[in-house]
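# Observations on chain architecture
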Amino acid sequence: MSDIIVAVDGPAGSGKSSVSKEAALRLGWAYLDTGAAYRALAWHCLDEGVDTEDADAVVARLADFDYSIGMDPQHYFVRVGGEEITRDIREPRVSAVVSHIARVPEVRVGLNDLFRRLMAENPKDGVIVEGRDITTVVAPDAPVRVLLTASAEARMARRSAELSAVSAEATAQQLASRDAQDSRVVDFMNAAEGVTTLDSTDLDFEQTVLALLDIVHARTP
Ligand SMILES: Nc1ncnc2c1ncn2[C@@H]1O[C@H](COP(=O)(O)OP(=O)(O)OP(=O)(O)O)[C@@H](O)[C@H]1O
Ligand SMILES: Nc1ccn([C@@H]2O[C@H](COP(=O)(O)O)[C@@H](O)[C@H]2O)c(=O)n1
């Protein structure tokens, strides 16, 4: 069982997954990407031909959602039914519908239970868990809670740099649309009480990782 939980949330493209994974690697801890579960369920629905806007049909798919994720930052993977879908869940077609899945209350309850179980079963000394509602809903009692932010311009530039085949404008639109839909469900733009804000707008990747590690070291024994 993890002794220390570091909870990280924030908007799309702020660096939650990449920065959390690298910080976990350096600490020798586990890394839990919660967005991957929402993406994998969205992928599963698309794979089964389910209308992702049909909440009942989505909830029905939870029953046969055979999900597994690698929490070792050096061996990250996402599987559904034994099929490796680590890259597939990042495709724009999945990003475009994942917010439909995420707004279904039964989905959130089911996945939050899964996240808490995965954290409890983790044998390493600590875990960095990241996603939209981690500091407020999934792990509100975590000893370290961080809201990782960056300006909309910085986040869009980072995403555009990743997806060279997609136009910067389309990327910006998709990111803004996903944030707008997600923010109806959880507030990931404002730090809740006790949550430390880390603004990475003017930091490069390495500086952001070091800043997160500083916060972790300052708050843990
Ligand atoms: N401080 C930084 N400076 C420059 N690039 C960064 C920084 N932090 C992260 N990145 C890069 O920005 C991109 C987006 O980061 P990442 O995927 O970790 O964001 P995210 O918050 O997890 O987004 P999403 O919620 O959409 O999955 C990645 O290519 C990552 O390497
Ligand atoms: N704790 C979370 C994590 C994710 N979501 C939803 O999943 C989408 C994908 O998340 P990424 O971090 O991989 O971009 C995200 O847009 C949310 O719709 C969530 O609701 N709660």
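Note that the structure is predicted; figures quoted are calculated from it, not measured.

### Considering the nonpolar core
L32, Y67, I69 and V78 are the most contacted members of the largest nonpolar core, which has 59 residues in total. The element contributing the most residues to this core is helix α2 (residues 35–47), with 8 residues. V78 has contacts with A36, A40, Y67, S68, I69, E83, E84, I85, T86 and I89, leaving out every residue within four places of it along the chain.

### A word on the packing of helix α1 (residues 16–27) against helix α10 (residues 205–219)
As a packed pair, α1 and α10 sit with axes 9 Å apart at the nearest point and diverge in direction by 60°. As the angle between them shows, α1 and α10 are arranged oblique. Once α1 is placed against α10, the crossing between them reads as right-handed. Across the interface between the two elements, S18, V19, S20, E22, A23, R26 and L27 from α1 touch F205, E206, T208, V209, L210, L212, L213, V216 and H217 from α10. Residue composition of the contact of α1 with α10, grouped by class: 9 nonpolar, 4 polar and 3 charged.

### With respect to the packing of α2 against helix α3 (residues 55–62)
Running from N to C, α2 and α3 point in directions that differ by 105°, and their axes come no closer than 10 Å. When the interaxial angle is binned, α2 and α3 end up roughly perpendicular. Contacts from L41, H44 and C45 in α2 reach V58, R61 and L62 in α3. Tallied by class, the residues present in the contact of α2 with α3 amount to 4 nonpolar, 1 polar and 1 charged.

### A word on the site of ligand 2
In the vicinity of ligand 2, 14 residues are found, and the nearest of them are R39, R108, D133, R178 and D182. For ligand 2, an oxygen atom lies 2.7 Å from a polar atom in the side chain of R39. Taking R178, its side chain carries an N or O atom lying 2.8 Å from an oxygen atom of ligand 2. For the shell around ligand 2, the secondary-structure elements that each account for two or more residues are α2, α5 (98–102) and α9 (168–182). Split into classes, the residues belonging to the shell around ligand 2 amount to 3 nonpolar, 4 polar and 7 charged.

Calculation notes
- Residues numbered from 1 in each chain as written.
- Chains lettered and ligands numbered in written order.
- Predicted model: local features only at pLDDT ≥ 70, side-chain atom pairs only at ≥ 80, totals over all residues.
- Heavy atoms only, no water.
- Core = buried A, V, L, I, M, F, W, Y, C linked by side-chain atoms within 4.5 Å.
- Buried < 20%, exposed > 50% of the residue type's maximum accessible area, 1.4 Å probe, protein only.
- Helix = DSSP H or I, 4+ residues; strand = E, 2+ residues; numbered from the N terminus.
- Contact = heavy atoms within 4.5 Å.
- Axes fitted to C-alpha atoms, helices over the stretch in contact; angles between N-to-C directions.
- Parallel < 35°, antiparallel > 145°, perpendicular 65-115°, else oblique.
- Left-handed = near helix turned anticlockwise from the far one by under 90°.
- Nonpolar A, V, L, I, M, F, W, Y, C, P; charged D, E, K, R; others polar.
- Near = heavy atom within 4 Å.
- Polar contact = N/O pair within 3.5 Å; in protein donor to acceptor, adjacent residues only side chain to side chain.

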